[in-house]
Amino acid sequence: MSDHFDDRETRDPAAREAHLFERLRVQLRHAIDTSPHYAGSLAGIDPDAISDRATLAALPVLYKSDLIEMQEARPPFGGLTPRGAGGFRRLFLSPGPIVEPEAEHEHWRMARALYAAGFRRGDIVANCFAYHLTPAGFMFDHAAAAIGCAVFPGGVGNTETQVEAFAKLGVGGYVGTPDFLRIILEKADAAGVALGSVTRALVSGGPLFPNLRQWYAERGIAVRQCYGTAELGLIAYEAAGPGDGMVIDEDALVEIVRPGTGDPVPNGEVGEVVVTTFNAAYPLIRFSTGDLSAVMTGQSPCGRTNRRLKGWMGRADQTTKVRGMFVHPRQVANIVRRFPQIARARLEVGEDGGRDTLLLHIESSERGEAFAETVAEAVRAECRVRGEVAFAEAGALPNDGKVIDDKRALGV
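Per an unreviewed UniProt entry, the chain carries the name Putative phenylacetate-coenzyme A ligase and comes from Aurantimonas manganoxydans.

Student: Could you give me a rundown of the overall build of the chain, with the residues and numbers involved?
Tutor: A count of helical and extended segments in the chain gives 11 helices and 21 strands. Over its C-alpha atoms the chain spans a radius of gyration of 22 Å, differing by no more than 12% from the 22 Å that the globule rule assigns to 412 residues. With respect to the three principal axes, the spread of C-alpha positions in the chain is 65 × 50 × 45 Å. Across the 412 residues in the chain, those meeting the buried criterion constitute 54%.

Student: Which residues make up the nonpolar core, and what values do they have?
Tutor: One recurring pattern in soluble globular proteins is that nonpolar side chains are buried together. Of all hydrophobic cores here, the largest spans 36 residues; its most connected members are L24, Y38, L80, I235, V254, L284 and L309. Every element with two or more residues in this core is listed here: α1 (13-34), α4 (67-73), β9 (233-237), β10 (246-248), β11 (253-257) and β12 (271-276). Broken down by element, this core gets its largest block of residues, 5 residues, from α1. Residues in contact with L24, not counting those within four places in the same chain, are I50, L56, L253, T276 and F278.

Student: Which residues make up the pattern of salt bridges, and what values do they have?
Tutor: Any two side chains of opposite charge can pair, given that their charged atoms come close. Counted by the stated rule, this structure contains 32 salt bridges. Its salt-bridge partner being R109, residue D249 comes within 2.9 Å of it at the nearest N-O pair. Taken as a pair, D249 in the loop between β10 and β11 and R109 in the loop between β3 (98-102) and α5 (111-116) lie far apart in primary sequence, 140 residues in all. Taking relative accessible area as the criterion, D249 reaches 0% and is therefore assigned buried. For R109, a relative accessible area of 15% puts it in the buried group. For R213, the salt bridge identified is with E238, shortest N-O distance 2.8 Å. Placement of the pair is R213 in helix α9 (residues 210-218) and E238 in the loop between β9 and β10, with a sequence separation of 25 residues. Overall, the relative accessible area of 0% leaves E238 in the buried class. Beyond isolated ion pairs, a larger network of salt bridges with shared partners links D6, R8, E9, R23, R109, R112, D249, D251 and R304.

About the criteria used
Residues numbered from 1 in each chain as written. Predicted model: local features only at pLDDT ≥ 70, side-chain atom pairs only at ≥ 80, totals over all residues. Heavy atoms only, no water. Helix = DSSP H or I, 4+ residues; strand = E, 2+ residues; numbered from the N terminus. Rg over C-alpha atoms; globule rule 2.2 N^0.38 Å. Buried < 20%, exposed > 50% of the residue type's maximum accessible area, 1.4 Å probe, protein only. Core = buried A, V, L, I, M, F, W, Y, C linked by side-chain atoms within 4.5 Å. Contact = heavy atoms within 4.5 Å. Salt bridge = Lys/Arg side-chain N within 4 Å of Asp/Glu carboxyl O.

Here's what the structure looks like:
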């Protein structure tokens, strides 16, 4: 049985680079001809002149943080797509208030990451990403189908039912956020249910902290993580050990640039992740994810020859991901606007035992448990994740312009 999803993973790097730019020129011509946004932003660009990373760097960067305003101005897709909303298979309101389309062909390409994590035909996989509102559940459902795995569409929550299903079905693999599998396993332990059949997991939607990876390893579960977004699909994935970085997907052209610019940085330097993909139904050219990473030197010991990323190393802006959901500074501002009692607020993201935590610090003229609960409900409604509220004295919050303070440990 091959250790690689296909032969493209081991091809000569120069051949890969040449092929990527051939595909890029086709995508550029398509986008200019069919996408209202790119007809404007790429006006005057000659696709045939884009032959390498230096010429690519001259093209404008499209920032994920701008999508909300773009979609408000030109609903529902910001003028990026060559077809209207009715021409797509599914429509999503992805993590954060961003509309995402699914075309008739599978374009998220997560199967490569699933295969690298050890999933094979005939495996029984619990897909614990959500199947409603956001595309994550479908992204990994398509991937499992491409390999030939049987899927239990568990979604999120309902841990008691998840435990029952894992046991009855003999689930061997898990896909979902890094911490939810632990919740399921601990629930099973408390109920006296053995779930020793689970031996592998592919996680995404948040950082996999070293202590949580070790916790799984001690239970005999090999965990790998992948990096992707609802817009782009798979960007990179773990194929070897946790210290060996993430191999870039064969269908993604990835750059690392200096944050706030489109200027590439040298290998090893931390910068902003900018990605171009080749989905004709949803062209994304030099799309900035807002994430930070760096290119690792050398080749992966797994034998794959593509470039590697060091993994998720934080955010280039204050937007962050909590339990699989993007939280934007503008959402914190929306919460504050609901309550004239609140003068200032600062959302702190942390982690406890491998689980994301959310705490909104507020300087408020009104206090008390009832008011805190009301504000906490506003956090849940606006950000779609639960959080707690803490009161701060007037003037106590730092005057540094930071709205979201991510205090979680970084690294792969």
